[in-house]
Amino acid sequence: EAMLDIDVKSKPSQPHWFERYVQPCVAELLGTALFVFTGCISVVDDTPNTGKMQPALVHGLAAGVIVAALGDI
């Protein structure tokens, strides 16, 4: 009969104040800044053939990247 040696570390009852208050605010600030920056950059080079599709795609892709990168926070 094999015995499994597993160390189980209990989580603290509440997260640290940095993880609870500062980290979400910094993530929100970074995500919003990235979203606005990419949206502004996408319309700087206004070519006649892209129309409204280029900013829409850039905002959609930026939102996807931001959620993937910062979603765990």
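Scroll up to find the structure this text is about.
Residues numbered from 1 in each chain as written. Predicted model: local features only at pLDDT ≥ 70, side-chain atom pairs only at ≥ 80, totals over all residues. Heavy atoms only, no water.

Remarks on the packing of aromatic side chains
Here is step 1: Summed over the entire model, instances satisfying the criterion amount to one aromatic pair.
Here is step 2: Geometrically, the ring pair formed by W17 and F18 is edge-to-face, given 6.3 Å between the ring centres and 85° between the ring planes.
Here is step 3: Residue F18 is classed as partly exposed on the basis of its relative accessible area of 40%. (Phe/Tyr/Trp six-rings, centres within 6.5 Å; stacked < 30°, edge-to-face > 60°. Buried < 20%, exposed > 50% of the residue type's maximum accessible area, 1.4 Å probe, protein only.)

Some thoughts on the packing of helix α1 (residues 17-42) against helix α2 (residues 53-70)
Here is step 1: At a minimum axis distance of 9 Å, the contact between α1 and α2 shows a crossing angle of 160°. Here α1 lies roughly antiparallel to α2, going by the angle between them. For the crossing formed where α1 meets α2, the hand is right-handed. Across from A27, L30, G31, L34, F35, T38, G39 and S42 in α1, the residues of α2 making contact are Q54, P55, V58, H59, A62, A63, I66 and L70. (Axes fitted to C-alpha atoms, helices over the stretch in contact; angles between N-to-C directions. Helix = DSSP H or I, 4+ residues; strand = E, 2+ residues; numbered from the N terminus. Parallel < 35°, antiparallel > 145°, perpendicular 65-115°, else oblique. Left-handed = near helix turned anticlockwise from the far one by under 90°. Contact = heavy atoms within 4.5 Å.)

Side note on the environment of F35
Here is step 1: Assignment of secondary structure puts F35 in helix α1.
Here is step 2: Residues F35 and A62, spaced 27 residues apart in sequence, show a C-alpha to C-alpha distance of 6.0 Å.
Here is step 3: Sequence-distant contacts of F35, defined by excluding residues within four places in its chain, comprise H59, A62, A63 and I66.

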